[in-house]
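Structural characterization, general
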Amino acid sequence: MPHVDRDALAAAVAQRYWHHTIDLGQGVVTPGGSTSVLRGRELPDFAGRSVLDIGAWDGYYSFLAESQGAARVVALDHYVWGVDLQARNEYWAECTRAGTLPDQARDLTDFWRPDLPGKRGFDLAAEALDSRVEAVVGDVATIDLEPLGTFDVVLFLGVLYHLPEPFSALQRVRSLTSGVAVIETEALVVPGHPSAALVEFTAGTLSGHDYGNWFTPTVPALRAMCIAAGFTRVDVISEPSAPAPAAPPAAPGSRLRQWRRRQHWRDTMTPAPPQPPSPPPPPQHGRAVVHAYP
């Protein structure tokens, strides 16, 4: 049963920003700002399995796994739980106006709050749902992994492209995975090069000066990175589609005009001037989900 009444719960929900949309019961749903939600075959079966949710934020996937019968769920987060995002965003806006890159070391000094203001949404949801999800405050890139153990399912969703060292992070994810790692990330599509294993450096250039973005891989690069990190099989579950090719030049309006043009060329033996090649479409971004197995 919920530990707070409906009116108090609704009032508490209204007082904060929510990244995830979570049904807390009693007709109260958090107004999440994220539009990227994994569904269907993008998620594995959670029933009876141990689950680690890396970058849990408000806990949507942690509570989902618990509701679907997971035997144990651990929610791991650090950055969004402890950093004063409002103060950080104001600093980032100053950097944008000045045309400079921010000093991101300030995240864990000037903007770090030991009372973990960003975890209050998770705590509120856990109380409302009477959840037994275990919350662990830690950075997957630096935390001592041994006490965590290994998990049947590791959720690594929306985290990879936020890390300055994505490959070493994948190695750490591999060491935590005994069953399957579900990796969801911003992904790059390079038109005309579907097999290219490329990684784009995106600091300060993606999603409107989001300085928290670092590297965006193509799906072949993501697969290769997972294999190099120690996974033996990587299934691509979903990926961004390549942009449609440019339409060919419009044909003349009638067969008579086409015949006259051909006849004119034959009469003058002067070929039409070559047309410059169309520029290739720019790289595109989208979301990709892979399942990686040890």
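The following paragraphs examine the structure supplied in this document. (Residues numbered from 1 in each chain as written. Predicted model: local features only at pLDDT ≥ 70, side-chain atom pairs only at ≥ 80, totals over all residues. Heavy atoms only, no water.)

Scanning the chain for helices and strands turns up 8 helices and 11 strands. Across the 294 residues that make up the chain, the buried fraction comes to 40%. In the chain, the share of contacts with a sequence separation of at least 24, taken over all contacts with a separation of at least 6, comes to 69%. Carbon and sulfur atoms make up 55% of the accessible area of the chain, which amounts to about 15,900 Å² in all. (Helix = DSSP H or I, 4+ residues; strand = E, 2+ residues; numbered from the N terminus. Buried < 20%, exposed > 50% of the residue type's maximum accessible area, 1.4 Å probe, protein only. Contact = heavy atoms within 4.5 Å. Areas by Shrake-Rupley, 256 points an atom, 1.4 Å probe, with all protein chains shown as cover.)

To continue, consider the packing of helix α6 (residues 166-176) against helix α7 (residues 219-228). The interhelical angle for the contact between α6 and α7, taken along N-to-C directions, is 55°, at an axis separation of 9 Å. As far as their axial angle goes, α7 and α6 are oblique. Note on packing geometry: the crossing formed by α6 with α7 is right-handed. Contacts from Pro 166, Phe 167 and Leu 170 in α6 reach Met 225, Cys 226 and Ala 228 in α7. (Axes fitted to C-alpha atoms, helices over the stretch in contact; angles between N-to-C directions. Parallel < 35°, antiparallel > 145°, perpendicular 65-115°, else oblique. Left-handed = near helix turned anticlockwise from the far one by under 90°.)

Under the criterion given, the structure shown has 8 salt bridges. Asp 110 serves as the salt-bridge partner of Arg 106, at 2.5 Å between the closest nitrogen and oxygen. A relative accessible area of 25% places Arg 106 in the partly exposed class. A relative accessible area of 40% means that Asp 110 is categorised as partly exposed. Measuring nitrogen to oxygen at the nearest pair gives 2.8 Å for the salt bridge that ties Arg 287 to Glu 184. Pair noted here: Arg 287 is in strand β11 (residues 284-293) and Glu 184 is in strand β7 (residues 177-189), with a separation of 103 residues, a long-range link. Owing to a relative accessible area of 29%, Arg 287 belongs among the partly exposed residues under this scheme. Connected through salt bridges with shared partners, the residues Glu 184, Glu 186 and Arg 287 form a single ionic network. (Salt bridge = Lys/Arg side-chain N within 4 Å of Asp/Glu carboxyl O.)

We now examine the packing of aromatic side chains. Here the structure, examined in full by the defined rule, presents 7 aromatic pairs. Aromatic side chains Trp 81 and Phe 122 sit 5.3 Å apart centroid to centroid with 50° between the ring planes, which places their arrangement in the tilted category. Taken together, the positions of Trp 81 in helix α3 (residues 79-82) and Phe 122 in helix α5 (residues 120-128) put the pair 41 residues apart, joining distant regions of the chain. By the burial criterion, Trp 81 is buried, and Phe 122 matches it. Ring centres of Phe 201 and Trp 214 lie 6.2 Å apart, and the angle between their planes is 50°; on these two criteria the pair is classed as tilted. Separated by 13 residues along the polypeptide, Phe 201 in strand β8 (residues 199-201) and Trp 214 in the loop between β8 and β9 (215-217) bring together distant segments of the chain. Relative accessible area serves as the criterion here: at 53%, Phe 201 is assigned to the exposed category. (Phe/Tyr/Trp six-rings, centres within 6.5 Å; stacked < 30°, edge-to-face > 60°.)

Strand order in the open sheet made by the 7 strands is β5-β4-β3-β6-β7-β11-β10, with mixed pairing throughout. Two strands bound the open sheet, and with one partner strand each, they are β5 (134-137) and β10 (233-238). Direction aside, the axes of adjacent strands within the sheet are offset by 20° on average. In the sheet, strand β3 (residues 50-54) pairs with strand β6 (residues 151-157) via 4 bridges, with the strands oriented parallel. Residue pairing for β6: Val 51 is matched across the bridge by Val 153. Strand contacts of helix α2 (residues 60-67): β3, β4 (72-77) and β6, with the helix running at about 180° to β4, the strand carrying the most contacts. Packing of α7 onto the sheet brings it into contact with β7, β10 and β11, and relative to β10 it is tilted by some 150°. (Pairing = 2+ DSSP bridges.)

Attention now moves to the side chain of Lys 119. Considering the arrangement of structural elements, one finds Lys 119 in the loop between α4 (85-98) and α5. The buried category is assigned to Lys 119, whose relative accessible area is 13%. Ignoring sequence-local partners within four residues, the contact set of Lys 119 consists of Trp 81, Ala 135 and Val 137.

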